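Coordinates in review
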There are 4 protein chains.
Amino acid sequence: MCRWAAYLGEAVFLEDIVTAPCHSLIAQSHCAQEAKSPTNGDGFGLAWYGDRPEPGLYRDILPAWSDPNLKSLCRQIKSGLFLAHVRASTGGATSRMNCHPFISGRWSFMHNGQIGGFEKIRRALENSLSDAAFDQREGATDSELFFLMMTEEDLAGDPQGAVSRAISRVIDASRRGGFEPALKLTAAFSDGQSLYAVRYTSDGHAPTLYTSAFPNGGGRCVVSEPFDRDGSDWQAIPPSSFVTIGRDGMSIRPFVPAAAKLALAV
Amino acid sequence: MCRWAAYLGEAVFLEDIVTAPCHSLIAQSHCAQEAKSPTNGDGFGLAWYGDRPEPGLYRDILPAWSDPNLKSLCRQIKSGLFLAHVRASTGGATSRMNCHPFISGRWSFMHNGQIGGFEKIRRALENSLSDAAFDQREGATDSELFFLMMTEEDLAGDPQGAVSRAISRVIDASRRGGFEPALKLTAAFSDGQSLYAVRYTSDGHAPTLYTSAFPNGGGRCVVSEPFDRDGSDWQAIPPSSFVTIGRDGMSIRPFVPAAAKLALAV
Amino acid sequence: MCRWAAYLGEAVFLEDIVTAPCHSLIAQSHCAQEAKSPTNGDGFGLAWYGDRPEPGLYRDILPAWSDPNLKSLCRQIKSGLFLAHVRASTGGATSRMNCHPFISGRWSFMHNGQIGGFEKIRRALENSLSDAAFDQREGATDSELFFLMMTEEDLAGDPQGAVSRAISRVIDASRRGGFEPALKLTAAFSDGQSLYAVRYTSDGHAPTLYTSAFPNGGGRCVVSEPFDRDGSDWQAIPPSSFVTIGRDGMSIRPFVPAAAKLALAV
Amino acid sequence: MCRWAAYLGEAVFLEDIVTAPCHSLIAQSHCAQEAKSPTNGDGFGLAWYGDRPEPGLYRDILPAWSDPNLKSLCRQIKSGLFLAHVRASTGGATSRMNCHPFISGRWSFMHNGQIGGFEKIRRALENSLSDAAFDQREGATDSELFFLMMTEEDLAGDPQGAVSRAISRVIDASRRGGFEPALKLTAAFSDGQSLYAVRYTSDGHAPTLYTSAFPNGGGRCVVSEPFDRDGSDWQAIPPSSFVTIGRDGMSIRPFVPAAAKLALAV
């Protein structure tokens, strides 16, 4: 389980959200309060949008709390749309390629949760990828693979549907693998224009998800766990929700996965 | 504050102490129970004695729990005398040069605790070093500097006295700096023959220190915190103690610092 | 293209081969003389056999010339059978999982060369792996994949044949991919008992391979490039050769790849 | 010896200078043509000025050619004033704290060259620092120490004089140490407004220094070695020169070190 925070609004220094608040993402890397594990020390990452359509990406394997580069970058870089993540591995090795966010063209993606039984269906899911998506795979995590499946499911045309259909691929593969699906997913992603988030579980409790207006910059945050307790008015997003944040406001819709568009190639 | 473990006895695989026990040092890097901070993720290190008089040294800045090299080295290397450490920084940056153990010739040293007000007396203490010891300084920690002071205080001839006199140098510098000494020290060190440990504080509570016979290998461990709860018979070392473990047994003596042999050059 | 050295004989300190000679592997990481690229700074690795049937493994992404851990480990560890490698990437990212040697059970493997057109046949080759071998894949290199194919081709029973059949799988996949095979392979591997090496190319010039008796320890080295110019009597291994070094001597046999035992699953 | 490049002008993407040109700084990290050592693989760093008075700082110990973060940062970040450096160590360990640029408040500094006999005068020079400057020392290089001396020599009021007086301190310390000064210095530094460079040696050949107008952005580069051969009109700066580049043009003045303002405390 991991912790993450995302922002869309007027350009602000990344540090306003990532490092400065009392219970900032960096603080959460050391002692998260609503996560299964308090320590999120298995690497970190930033994706931010600036003057180019595709995002910048900075990821490293140190704990976020001890990386002076991260601190300086967050202090210097201003962005109106960014994703930040601190990782607690649920299996994969600690390597840069396994750190979130993942990017593909204009898209960025980060995740808290896991695909239960991933080791049993990893190969089937990788084989379900097109050659183009397969060639983009750099690491070994369930999260990156889930994102690559999303990119194949009309992500640009129907972001909510893409998540839904990627989930269906996981559910199908789990059942074919002979076990009940056990997917936990609290994810955020963006194309550089809008910020999307989803809270879903196929069983039991979905990882937490919150949103709040951000005082400076008139923007909005969506986070796995609030980064301050005062001054903000955090709204808990209910399970099975899909959040769309644009320049003109936020919508929260019910989220129920559909059937997979592509059959699994087995 | 940090966690550490040391062993002297028949050669055993390092993993028997460092990675295998249920509450091993690696487990303590993630969730120590008797430390001020449960997370000791700011690097780690090993010093072990083998076929040469001087020890081997392996240190890195990843959290110990996520380093596959550490796991493999501990699984392969057998040694009859070694020191292992996981770090929680009290100030210095996360760099290899700031990771314990530190070595000098045949000697190795590691530490849990801190020199209170170090930033105010660091320069005076560094200036008190001989040119030879100054040239060995690689990092910026209080621990390394304390060890270098020990090497100048007849460490080979009188190990207990060397610790005592290094403490006196810290106490003197603190008083000259205009503040009450605040030194916490639970340290282990070795010359490749014997294993020494000390538990001391100039004020309040000294960090914990334990020892136990080790079932495999007929040796003895000294640790900042027990690495298992069953099967071993851990003995808490009282504050103000100096422990000497040799091939022929262990002695625990009272430890009270003496006056500094060298005046501080100010 | 990379540089590597392997040894079998009486136990010697790794440094006798890896760091001490005038043109040691470490020196070659900075300025190799017979390699396509003089700099081999994209990580390094060691696999050595000691008291366990499976080898120890130490790999990191720094240039070999600047890693103090490597220097200390080579100075301390004695082994009668080890493989050491410095990497110059031909494509894959600089990550620990992409550094040689690779290990699987008792086996270790390292490689200089490349599978030409790998990006076009990577997926077909990965799909040809059994689930068991697929699950062992950690990185993204052609070399690791080649080794995993070897482990499926009766490596224990017929080491030379295993290389031969893995090559055939590459050749078949290349032809099905619509291009002429372009495989360059100078590799060493071991099961902890014998040391094997192969020099082969499907076209043009095979990377160099040398062997020599090693004065200390009465053993034998096999290397991509001699590590000293005086005192040793280096023998160039001809292209299309398979070398077997055991406790009782060395054999050099002609090496010609056979047809693949398993058809590629496409 | 190292390679570096600096720019002042309209804001451009860092990649326009650091990674994109045919003989870019990244290319020079692998095969510099005018340096003593062709490989500059002992870490790298960037300092750039943006929306704050103090610069951002990104340094890491990988070779510049293999760091995907560096590539992404250079592709995203635009700046009208920045310094970039690839390191070939002349002694100090490969650590982030030993990588250039160094920063202090609004100032940034990077260096190609070395203080000959540094190990013999390091302590005297460190002792010559004020407590405030001493506390800013993080690493162990001669370059960082030289920069800290500059900050004490009225750097803000008289940049050229500050370099001159820092050189005098080195020269004095060398003579007191009983050897002829052997200082080589091609350095660039900035306060966020102007860009300064100096080319000087106390003996023999000064490392190279070039400048050129930069086609995009209407700015100007100063470099240790040209990053392209066509399209730019590189001007070699003569030895014993001090270069000042401002928003309104460039001046090149003779540079001869003066007597030290502060006597060395010995």
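Model, not experiment: these values are computed from the prediction.

This part is about the overall build of chain A. Helix and strand counts for chain A stand at 7 helices and 13 strands. Compactness check: chain A gives a C-alpha radius of gyration of 17 Å against a globular reference of 18 Å for 266 residues, within 12% of the reference. Seen through its principal axes, chain A has C-alpha atoms that stretch 50 × 35 × 35 Å. Burial statistics for chain A: of 266 residues in total, 65% are counted as buried. In chain A, the proportion of contacts linking residues at least 24 apart, taken out of those at least 6 apart, comes to 65%. Where the 25 positive side-chain charges of chain A centre and where its 29 negative ones centre are 2 Å apart.

So, about the relation of the copies chain A and chain D. Mapping chain A onto chain D calls for a screw motion: a turn of 180° about the axis and a shift of 0.0 Å along it, with 0.0 Å RMSD after fitting. Such a turn and shift between the copies fits a two-fold axis. Taking C-alpha positions as reference, the residue of chain A nearest the rotation axis is Ile-77 of chain A, located at 4.0 Å. The overlap is high: 100% of the interface residues of chain A also sit at the interface in chain D, so the same surface is used on both sides.

Moving on to the pattern of salt bridges. Should the charged atoms of two oppositely charged side chains come close, the side chains can pair. Per the counting criterion, the structure on display carries 66 salt bridges over all chains. Across the pair Arg-175 of chain A and Glu-180 of chain A runs a salt bridge, and its minimum N-O distance is 4.0 Å. Comparing Arg-175 of chain A with Glu-180 of chain A, the two get one shared label, exposed. The residue Glu-138 of chain C makes a salt bridge to Arg-59 of chain C at a minimum N-O spacing of 3.6 Å. Highlighted residues: Glu-138 of chain C in the loop between α5 (131-136) and α6 (142-151) and Arg-59 of chain C in strand β3 (residues 56-60), separated in sequence by 79 residues. Note on Arg-59 of chain C: relative accessible area 8%, which makes it buried. Here the salt bridges share partners, and the residues they tie into one network are Asp-60, Asp-67 and Arg-96 of chain A together with Asp-60, Asp-67 and Arg-96 of chain D.

With an axial shift of 0.0 Å and an RMSD of 0.0 Å, the rotation relating chain B to chain A amounts to 180°. Most of the interface of chain B is mirrored in chain A, where 100% of its interface residues are also at the interface.

Facing 10 residues of chain B, the contacting portion of chain A comprises 10 residues. Summing both partners gives a buried area of about 790 Å² for chain B against chain A, and 62% of it is carried by carbon and sulfur. It is Thr-39, Leu-62 and Trp-65 of chain B that lose the most area in chain B upon contact with chain A, and together they represent 42% of the buried surface on that side. Taken together, chain B and chain A are joined by 0 salt bridges. Seen at the junction of chain B and chain A, the total is 3 residue pairs in polar contact (both at pLDDT 80 or more).

Let us look at the interface of chain A and chain D. The extent of an interface is frequently quoted as the accessible surface area lost upon association of the parts. Contact residues are listed per partner, giving 24 residues for chain A and 24 residues for chain D. Here chain A and chain D share an interface that buries about 1900 Å² over both sides, 39% of which is from carbon and sulfur atoms. For chain A, the biggest contributors to the area lost against chain D are Arg-52, Gln-76 and Arg-96 of chain A; these three give 34% of the whole. Our enumeration of links across chain A and chain D arrives at 8 salt bridges.

Take the nonpolar core next. A general trend in soluble globular proteins is that nonpolar side chains are found buried together. In this structure, Leu-46 and Tyr-58 of chain B together with Leu-46 and Tyr-58 of chain C are the most contacted members of the largest nonpolar core, which totals 54 residues. When sequence neighbours within four positions are dropped, the list of residues in contact with Tyr-58 of chain B reads Phe-44, Gly-45, Leu-46, Trp-48, Asp-67, Asn-69, Leu-70 and Leu-73 of chain B together with Tyr-58, Asn-69 and Leu-73 of chain C. The next biggest cluster of nonpolar side chains, apart from the first, holds 53 residues, and it includes Ala-5, Leu-14, Val-18 and Leu-25 of chain A.

Looking now at the sheet that holds strand β10 (residues 219-223) of chain A. Judged by pairing direction, the sheet is antiparallel, and its 7 strands sit side by side in the order β3-β2-β4-β1-β10-β9-β11 (chain A) without closing on themselves. Strands with a single pairing partner mark the edges of an open sheet, and in this sheet they are β3 (56-60) and β11 (235-236) of chain A. With 5 bridges joining them, strand β9 (residues 210-214) of chain A and β10 of chain A adopt antiparallel strand pairing. Looking across to β10 of chain A, one finds that Ala-213 of chain A is bridged to Arg-220 of chain A. Packed on one face of the sheet, helix α3 (residues 68-76) of chain D meets β2 (44-48) and β3 of chain A and runs near 150° to β3 of chain A.

Residue and element names in this part refer to chain B. Tracing the sequence through the fold places Phe-146 in helix α6 (residues 142-151). Exposure remark for Phe-146: the relative accessible area of 2% places this residue in the buried category. Remark: the alpha-carbon pair of Phe-146 and Leu-125, spanning 21 residues in sequence, is separated by 8.7 Å. When residues no more than four places from it in sequence are discounted, the contact partners of Phe-146 are Phe-109, Ile-115, Val-163, Ala-166, Ile-167, Val-170 and Leu-185.

All names here are of chain A. Two numbers describe how helix α6 (residues 142-151) lies on helix α7 (residues 159-176): the axes approach to 8 Å, and their chain directions differ by 120°. Between α6 and α7, the angle is such that the two are oblique. Of the two possible hands of crossing, α6 and α7 adopt the one that is right-handed. Across the interface between the two elements, Phe-146, Met-149 and Met-150 from α6 touch Ala-162, Val-163, Ala-166, Ile-167, Arg-169 and Val-170 from α7. Partitioned by chemical class, the residues of the contact of α6 with α7 number 8 nonpolar, no polar and 1 charged.

Another point: the side chain of Arg-3 of chain A. Structurally, Arg-3 of chain A is set in strand β1 (residues 3-13). A distance of 2.7 Å separates a polar atom in the side chain of Arg-3 of chain A from a polar atom in the side chain of Glu-225 of chain A.

What follows concerns the pairing of strand β4 (residues 78-86) of chain B. Looking down a regular strand, the side chains alternate between one sheet face and the other. Residue and element names in this part refer to chain B. In terms of burial, β4 is a largely internal element, 8 of the 9 residues being buried. Two strands pair when backbone bridges link them, and strand β1 (residues 3-13) and β4 are joined in this way by 8 bridges, in the antiparallel orientation. Bridged to Ala-6 within β4 is Leu-83.

Let us now look at the confidence of the model for chain A. Residues and elements named next belong to chain A. For chain A, the average pLDDT comes to 91, and 95% of its residues sit at 70 or higher. Between residues 260-266, whose pLDDT stays under 50, and residues either more than four places distant or in other chains, the model counts 18 contacts. Both scores are given for the predicted complex: the pTM is 0.93, the ipTM 0.92.

Here we take up the side chain of Gln-28 of chain C. Along the polypeptide, Gln-28 of chain C turns up in helix α2 (residues 25-31). A polar contact of 3.3 Å, which involves the side chain of Gln-28 of chain C, links it to the backbone oxygen of Glu-225 of chain C.

Turning our eyes to something else, we now look at the environment of Ser-194 of chain D. All names here are of chain D. Among the structural elements, Ser-194 can be located in the loop between β7 (183-190) and β8 (195-201). Residues Ser-194 and Gly-139 lie 55 residues apart in sequence; the distance between their C-alpha atoms is 26 Å. Excluding residues within four positions of it along the chain, Ser-194 makes contact with Leu-8, Leu-81, Phe-189, Ile-245 and Gly-246.

Another point: the sheet that holds β1 of chain B. Reading across from one edge, β3-β2-β4-β1-β10-β9-β11 (chain B) is the order of the 7 strands in this open sheet, with antiparallel pairing throughout. Where the open sheet ends on each side, the last strands, each with one partner, are β3 (56-60) and β11 (235-236) of chain B. With 5 bridges connecting them, strand β2 (residues 44-48) of chain B and β3 of chain B associate as antiparallel partners. Following the sheet pairing, Gly-45 of chain B is matched in β3 of chain B by Arg-59 of chain B. Here helix α3 (residues 68-76) of chain C sits on the sheet in contact with β2 and β3 of chain B, set at roughly 150° to β3 of chain B.

This next bit is on the pairing of strand β4 (residues 78-86) of chain D. As judged from the 5 bridges shared by strand β2 (residues 44-48) of chain D and β4 of chain D, these two strands associate in the antiparallel manner. Of the residues in β4 of chain D, the one forming a bridge with Gly-45 of chain D is His-85 of chain D.

Rules used throughout
- Residues numbered from 1 in each chain as written.
- Chains lettered and ligands numbered in written order.
- Predicted model: local features only at pLDDT ≥ 70, side-chain atom pairs only at ≥ 80, totals over all residues.
- Heavy atoms only, no water.
- Helix = DSSP H or I, 4+ residues; strand = E, 2+ residues; numbered from the N terminus.
- Rg over C-alpha atoms; globule rule 2.2 N^0.38 Å.
- Buried < 20%, exposed > 50% of the residue type's maximum accessible area, 1.4 Å probe, protein only.
- Contact = heavy atoms within 4.5 Å.
- Lys, Arg positive; Asp, Glu negative; His and termini not counted.
- Charge placed at Lys NZ, Arg CZ, Asp CG, Glu CD.
- Least-squares fit on C-alpha atoms with pLDDT ≥ 70 in both.
- Salt bridge = Lys/Arg side-chain N within 4 Å of Asp/Glu carboxyl O.
- Buried area = accessible area lost by both parts, 1.4 Å probe.
- Polar contact = N/O pair within 3.5 Å; in protein donor to acceptor, adjacent residues only side chain to side chain.
- Core = buried A, V, L, I, M, F, W, Y, C linked by side-chain atoms within 4.5 Å.
- Pairing = 2+ DSSP bridges.
- Axes fitted to C-alpha atoms, helices over the stretch in contact; angles between N-to-C directions.
- Parallel < 35°, antiparallel > 145°, perpendicular 65-115°, else oblique.
- Left-handed = near helix turned anticlockwise from the far one by under 90°.
- Nonpolar A, V, L, I, M, F, W, Y, C, P; charged D, E, K, R; others polar.
- pLDDT = per-residue confidence, 0-100.

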